[in-house]
Amino acid sequence: MTEVGAVEVRGEGGTSEIVLLCEHASNHIPERYNGLGVSDADLQRHIAWDIGAAEVTRRLSEALGAVAFLGGYSRLLIDLNRPLESPNSIVTRSEATDIPGNINIDDAERTYRVETMFTPYHARFTAHLNARQARGLPTRIVSIHSFTPVYHGEARQWHGGVLFDKARAYGEAVLDRLREPGLMLGANVPYQTSRDEDYGIPIHGDDRGLEAIMIEIRQDLISDPTGIDLWAQRLSKAL
Ligand SMILES: [Zn+2]
């Protein structure tokens, strides 16, 4: 059950209450965009995708028997976790890197990216949620992300965070279950979710009355198979 394009769907027959999102799974940019004018080295960095997040999501999908929806394109083309009205939907600069291929794009190109990359991903996910609702299945949404250890020159000490808005009780329970000695975790770190700059949690979760949280893992902790396994195991017990 795998589709690759705007969305990769895994484990759709799973029976878990949890449905997984991984909006920043891929750094794929179709060839005709010439990497949006960004160097190959920069396209391997966090600005293009959430390093390690896709692999953690795939492992979790298997471990939990949970369906997972992974984005098929780089966030630099259009960010699946930003409202279309956000100035950060299609960025012209990410942290300290200019994105030349996004400067002065016309309405036709913007519409093309919305219609072929953003809308199909969210429509596929909405259809799945609608089908679950029709069958009366309980649903909790968990969105998997990773963050860079250094952002705008500032080191981030957190190993990970659980982010939520309305799903406070579930978010705090997951955080408690994740805690272990030596692990620096927090609620709503390294940043806070907001309706202005996030999409999955407010739109698919809070607005539908479904519990929805984001998991943020520092990317150097999930940049190799050992770390990916460890975090997938931790999360499979905590979610
Ligand atoms: Zn992310």
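Report follows, based on the coordinates.

1. Topic: the side chain of T57
Positionally, T57 belongs in helix α2 (residues 53-64). Engagement of the side chain of T57 in a polar contact is seen with the backbone oxygen of A53, the distance being 2.7 Å. Residues in contact with T57, not counting those within four places in the same chain, are L20, C22, A68, L70 and I144.

2. Overview of the layout of surface pockets
When its volume is computed, the largest pocket comes out at roughly 630 Å³. Taken together, 29 residues form the lining of the largest pocket, with H46, R75, D79, R82 and Y151 sitting closest to its centre. Those elements giving two or more residues to the lining of the largest pocket turn out to be β4 (93-94), β6 (140-147) and β11 (211-218). In terms of residue count, the dominant contributor to the lining of the largest pocket is β6 (three residues). Here the residues of the lining of the largest pocket sort into eight nonpolar, eleven polar and ten charged.

3. A few points about the pairing of strand β2 (residues 18-22)
Summarising burial for β2: five of the five residues are buried, a large majority. What you see with β2 is no split at all: I18, L20 and C22 on one side and V19 and L21 on the other are buried throughout. As defined by bridge partners, β2 adjoins β6 across four bridges and the pair is classed as parallel. Looking at the pairing, L20 lines up with V142 of β6. As judged from the three bridges shared by β2 and strand β3 (residues 68-71), these two strands associate in the parallel manner. Opposite L21, over in β3, you have F69 as the bridge partner.

The rules behind these values
Residues numbered from 1 in each chain as written. Predicted model: local features only at pLDDT ≥ 70, side-chain atom pairs only at ≥ 80, totals over all residues. Heavy atoms only, no water. Helix = DSSP H or I, 4+ residues; strand = E, 2+ residues; numbered from the N terminus. Polar contact = N/O pair within 3.5 Å; in protein donor to acceptor, adjacent residues only side chain to side chain. Contact = heavy atoms within 4.5 Å. 1 Å grid on protein atoms, 1.4 Å probe; cavity = no way out; pocket = protein on both sides within 12 Å on 5 of 7 lines; lining within 4 Å. Points joined across faces, edges and corners; volume = space filled by probe spheres on them. Nonpolar A, V, L, I, M, F, W, Y, C, P; charged D, E, K, R; others polar. Buried < 20%, exposed > 50% of the residue type's maximum accessible area, 1.4 Å probe, protein only. Pairing = 2+ DSSP bridges.

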